[in-house]
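# Residue-level structural notes
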Amino acid sequence: DAKTTQPPSMDCAEGRAANLPCNHSTISGNEYVYWYRQIHSQGPQYIIHGLKNNETNEMASLIITEDRKSSTLILPHATLRDTAVYYCIVINNYQLIWGAGTKLIIKP
Amino acid sequence: KAGVTQTPRYLIKTRGQQVTLSCSPISGHRSVSWYQQTPGQGLQFLFEYFSETQRNKGNFPGRFSGRQFSNSRSEMNVSTLELGDSALYLCASSLSWGVNTEAFFGQGTRLTVV
């Protein structure tokens, strides 16, 4: 199963772009990369997903390297409400394989 | 459009008892997955159902079971509760849990075993 590696924590100033890296060097060709976030033990919230092309939606942008071994989630203008644990995950055999995530703290 | 609904939100049970948790997916979603979240182990996959069929199961003992009804609602059951079963149980629904669909989570049921 593909696994992901993320830094355990990051800080970002309010109003700045938050760039969250993820390593998934063992990902296979047909596995998508998903990003979710979890705010204070609520249910995880879907953010974005992609296969090999960069993706953008109203919440974030996802940049995937050409070799697909890593990706970066970008929150363009972080707010205090973006403080959460961010998970970079892949799906395999109908299940999401979760790592430990990155605790992102947005500072005023 | 209503989201994923899990009931109850909080539950306190005694060791040895059994418990049933319920999940109502988003209307039209046919796939329901269950996850257990604990501080020590993080999020762990329990099982996934699609059209009343279990398609995958995580590495949990047989005390953990689930089912899905024809209206896509799902239940999970834990028998002979242990203290270590205390956790946040999360349910996720999706249209058809394949490789290019997102899953939406409920708020979870927090189970405390005493």
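So, a few notes on the structure that sits alongside this text.

Residues and elements named next belong to chain B. Burial analysis of strand β9 (residues 87-94) places eight of its eight residues in the buried class, which makes it a mostly covered element. Along β9, one buried face is formed by Ala 87, Tyr 89, Cys 91 and Ser 93 and the opposite face, lined by Leu 88, Leu 90, Ala 92 and Ser 94, is buried too. Where strand β4 (residues 31-38) lies against β9, seven bridges are found, and the strand directions are antiparallel. Looking at β9, one finds that Gln 36 is bridged to Tyr 89. Strand direction decides the pairing type here: β9 and strand β11 (residues 109-113), joined by three bridges, are antiparallel. If you follow Leu 88 over to β11, its bridge partner there is Arg 110. For β9 and strand β10 (residues 104-105), the ladder comprises two bridges, and the chain directions are antiparallel. Across the sheet, Ala 92 pairs through a bridge with Phe 105, a residue of β10.

Turning to the sheet that holds strand β2 (residues 18-23) of chain A, a few remarks are in order. All names here are of chain A. On the basis of which strands lie adjacent, the open sheet formed by four strands has the order β2-β7-β6-β5 and antiparallel pairing. Both outer strands of the open sheet, β2 and β5 (55-56), are each paired with one neighbouring strand and no more. Strand direction decides the pairing type here: strand β6 (residues 61-64) and strand β7 (residues 70-75), joined by four bridges, are antiparallel. Each residue of the ladder has a partner; that of Leu 62, found in β7, is Leu 73.

Let us now look at the interface of chain A and chain B. Chain A puts 19 residues into the contact, and the matching count from chain B is 21 residues. Both faces combined, the contact of chain A with chain B buries some 1,800 Å², and carbon together with sulfur accounts for 54% of it. Connecting chain A to chain B are zero salt bridges. Put simply, chain A and chain B have two residue pairs in polar contact (both at pLDDT 80 or more) between them. Sorting the residues of the side of chain A that touches chain B by element identifies β3 (33-38), β4 (45-50), β8 (84-92) and β9 (95-97) of chain A as the ones contributing at least two each. Here the residues of the side of chain A that touches chain B are counted per class, giving 10 nonpolar, nine polar and no charged.

Residues and elements named next belong to chain A. For β3, the buried fraction is high: six of the six residues fall into the buried class. The side-chain alternation of β3 yields two buried faces, one formed by Val 33, Trp 35 and Arg 37 and the other by Tyr 34, Tyr 36 and Gln 38. Inspection of the sheet shows β3 paired to β4 by five bridges, in the antiparallel sense. Each residue of the ladder has a partner; that of Val 33, found in β4, is Gly 50. Counting the residues between successive antiparallel strands, the hairpin from β3 to β4 contains six residues, one of them, His 40, with a positive phi of roughly 45°. Relative to β8, β3 runs antiparallel, the two sharing six bridges.

What follows covers the sheet that holds strand β7 (residues 64-68) of chain B. Residue and element names in this part refer to chain B. Spatial strand order, β1-β3-β8-β7: four strands in an open sheet with antiparallel pairing. Single-partner strands in this sheet number two, and they are β1 (5-7) and β7. Going across the sheet, the axis of each strand differs from the next one's by a mean of 15°, ignoring polarity. Alignment of β7 against strand β8 (residues 74-78), held across five bridges, turns out to be antiparallel.

The rules behind these values
Residues numbered from 1 in each chain as written. Chains lettered and ligands numbered in written order. Predicted model: local features only at pLDDT ≥ 70, side-chain atom pairs only at ≥ 80, totals over all residues. Heavy atoms only, no water. Buried < 20%, exposed > 50% of the residue type's maximum accessible area, 1.4 Å probe, protein only. Helix = DSSP H or I, 4+ residues; strand = E, 2+ residues; numbered from the N terminus. Pairing = 2+ DSSP bridges. Contact = heavy atoms within 4.5 Å. Buried area = accessible area lost by both parts, 1.4 Å probe. Salt bridge = Lys/Arg side-chain N within 4 Å of Asp/Glu carboxyl O. Polar contact = N/O pair within 3.5 Å; in protein donor to acceptor, adjacent residues only side chain to side chain. Nonpolar A, V, L, I, M, F, W, Y, C, P; charged D, E, K, R; others polar. Axes fitted to C-alpha atoms, helices over the stretch in contact; angles between N-to-C directions.

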